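# A closer look at the structure
What follows is the residue order along each chain.
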Amino acid sequence: MAEQDVFDAYEQSLESLYSQADASAGLTLAGSRLRKRNMILLRRRSLQLAQFLDGDFTSIMQEMRRAFPGSYRNMPTRIYPILQRVVHDLATLYARDPQRFFQAAAGGKLDQSQYQKFRDVYDRSDVNSALLQGSRQLIPQQTQVFAVLPAGPRQLTLKAFSPYETFVTPGNALIAHDIRTAKEVRIRAAAGASDDTVVLGWLVFNRDECYWEVDGEKASIFDSRNPQNIANPWPGTIPLVACHAVPPPPGCFLSPIADDLLHEQIGICLSISQLEFMARHSSPRMVIQPGTEGSLTQEQADGMSTGADQWVALPGVGSTLSVVQPQPLIGEYRQMVDWQTGLLANLHNVAPDSFSKSPAAKTSVSRAYDRADRADTRDRYTRIFEPVETQLAQLIARVSNLDGTDTVQLPEDVVVNVQFSEPDDSPADPVHAMQAAMMSFRTGIDSPVDYLARQLGISKAAALAKITDNLKQWADFAKLMPTDAANIEAPTPKADL
């Protein structure tokens, strides 16, 4: 859509707000109004973000054509994945497998067979990898839809879809953000593929039916034994799970995408390409000015030998030679690029040295600030994914129970208590960090078992067994050591021969 059309849509939204304000003040009778949203533009930018996150920068050439219409053909294309760096630093919830504890909605415990089936399904379906991919995509896309599809005995396919793949018709405009209340959801997904061709079909979900639609043909999503049975196994609800990083506009399901990350990714590529283009064309240039009695054509100048080991013969009497040295502000331009990336990092709670590594060692204070920033971001996304974990577990139980060959039925009202593992972050000063940990242990604020469980991403029982085993091994090793082991002098280094 043209930029003018986008601007007109914005002006229409403002006009709608002005009319609503006048109506609330009693200046005119209020009537229904339409507010348009440019979904084509939103999905185009969503697709571009998804490509950037996966390392596909084919759209950068189009951006260069728009930014430099007269010189883009001669400019180098330089790619710097700044979006991947930001996402890598922020999407840490599922960087290490979390610990899940399943229980019934009434607080009762699951029996051993049900608990084991949940474990089997999660492991065989690689749920953690799918959630890691969804959490990575959520940062730039700000909306993710999770679909759970059957894939065999105790195995499912969990896929995360972004805005450019998702089309939602809200059922209740006031709670349009809740996908379970939608009237219909269509998801563009791969239905077939060859080496160079992908057939895109539709996954269609509504309150009465759930089916694949490819070239007008419909087939069941959940009933592989009877593909003609396209009825919704759970009438009245949409069997999908969705999450948002920011609230969507009123009456809409999709949240705005992270335009700041999109434009910063495009801008850094264009800036470095332009910077290199300026550097390439800033070399000295020789200019021959013919005298009053001579003339010099461009063809003659092109045929003259030039180089460090060549002499230049000036044609005509009175000709002069001068050297022109362009002086582009390359250093200042680079400083501006560094400043912009550093500002982006600060605004997104990312350590600025993630983009610019410094040879100087970071202090423990600066690392503490970095960890605090990352902790704030993790807390924000923890609040998003904690309810997602329970909703996904309930949907996984429903889909798993459709398999009639398995006699173990999972409770569809299951509740998940999830504990996300701490990221693998080496402290700047290990000695002081361990001293601080020992103080927490002695004051009862923390315990070695809880500490080790968080660090390794294991259960408390496994952490307790590991600590007990380590202490027993250390006691056995201590018996083998000489009694004066602490007083043994360090060996004297040999002189260089």
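Use the structure listed above.
The following paragraphs examine the structure supplied in this document. As the structure is a prediction and not an experimental result, all values here were calculated from the model.

Turning to the packing of helix H3 (residues 60-67) against helix H7 (residues 259-280), a few remarks are in order. With their axes 10 Å apart at the nearest point, H3 and H7 run at an angle of 65° to one another. Relative to H7, the element H3 is oriented roughly perpendicular. Pair H3 / H7 crosses with right-handed handedness. Across the interface between the two elements, Ile60, Glu63, Met64 and Ala67 of H3 pack against Ile266, Cys269, Leu270 and Ser273 of H7.

Attention shifts here to the sheet that holds strand S8 (residues 217-220). Strands sit in the order S4-S5-S6-S7-S8 across an open sheet of five strands; the sheet is antiparallel. With partners counted over all chains shown, the strands left at the sheet margins are strand S4 (166-169) and S8, one partner each. The sheet shows a mean angle of 30° between the axes of neighbouring strands, direction not considered. Relative to strand S7 (residues 210-214), strand S6 (residues 198-206) runs antiparallel, the two being bridged by four bridges. In the sheet register, valine 204 faces S7, and the bridge partner there is tyrosine 211.

A word on the environment of alanine 453. Here alanine 453 lies in helix H12 (residues 448-456). Discounting chain neighbours no more than four positions away, the residues touching alanine 453 are Ile458, Ser459, Lys460 and Ala463.

Time to look at the pairing of strand S12 (residues 415-419). Every second residue of S12 is oriented toward a common face, the buried set being Val416 and Val418 and the non-buried set Val415, Asn417 and Gln419. The sheet contact formed by strand S1 (residues 99-103) and S12 spans five bridges and is antiparallel. Note that in S12 the partner of glutamine 103 across the bridge is valine 415.

The topology assignment puts arginine 100 in strand S1. For arginine 100, a relative accessible area of 3% translates into the label buried.

What follows concerns empty space enclosed by the protein. A full pass over the atoms with the stated rule returns one cavity of 30 Å³ or more. Reported here for the largest cavity is a volume of approximately 40 Å³. Lining the largest cavity are Leu90, Ala91, Thr92, Leu93, Ser135, Ile139, Tyr381 and Phe385. Only helix H6 (127-141) and helix H10 (364-401) provide two or more residues apiece to the lining of the largest cavity.

Turning our attention to the packing of aromatic side chains. Taken as a whole and judged by the stated rule, the model has 10 aromatic pairs. Between tyrosine 94 and phenylalanine 420 the ring centres are 5.4 Å apart and the planes differ by 90°, which places this aromatic pair in the edge-to-face class. Placement of the pair is tyrosine 94 in the loop between helix H4 (82-90) and S1 and phenylalanine 420 in the loop between S12 and helix H11 (430-442), with a sequence separation of 326 residues. On the accessibility criterion, tyrosine 94 (2% relative accessible area) is buried. Ring geometry for phenylalanine 102 and phenylalanine 118: centres 4.5 Å apart, planes at 5°, overall stacked.

Another aspect to go through is H6. Along its 15 residues, H6 runs 20 Å from first to last C-alpha, staying within 8% of the 21 Å computed at 1.5 Å per residue. Of all the 15 residues making up H6, 12 are buried; the element is thus mostly covered by neighbouring parts of the structure. Buried within H6 are the following residues: Val127, Asn128, Ala130, Leu131, Gly134, Ser135, Arg136, Gln137, Leu138, Ile139, Pro140 and Gln141. Remark: glutamine 142 follows H6 within two positions and exhibits a positive phi of approximately 65°.

The rules behind each value
- Residues numbered from 1 in each chain as written.
- Predicted model: local features only at pLDDT ≥ 70, side-chain atom pairs only at ≥ 80, totals over all residues.
- Heavy atoms only, no water.
- Axes fitted to C-alpha atoms, helices over the stretch in contact; angles between N-to-C directions.
- Helix = DSSP H or I, 4+ residues; strand = E, 2+ residues; numbered from the N terminus.
- Parallel < 35°, antiparallel > 145°, perpendicular 65-115°, else oblique.
- Left-handed = near helix turned anticlockwise from the far one by under 90°.
- Contact = heavy atoms within 4.5 Å.
- Pairing = 2+ DSSP bridges.
- Buried < 20%, exposed > 50% of the residue type's maximum accessible area, 1.4 Å probe, protein only.
- 1 Å grid on protein atoms, 1.4 Å probe; cavity = no way out; pocket = protein on both sides within 12 Å on 5 of 7 lines; lining within 4 Å.
- Points joined across faces, edges and corners; volume = space filled by probe spheres on them.
- Phe/Tyr/Trp six-rings, centres within 6.5 Å; stacked < 30°, edge-to-face > 60°.
- Expected span 1.5 Å × (residues − 1).

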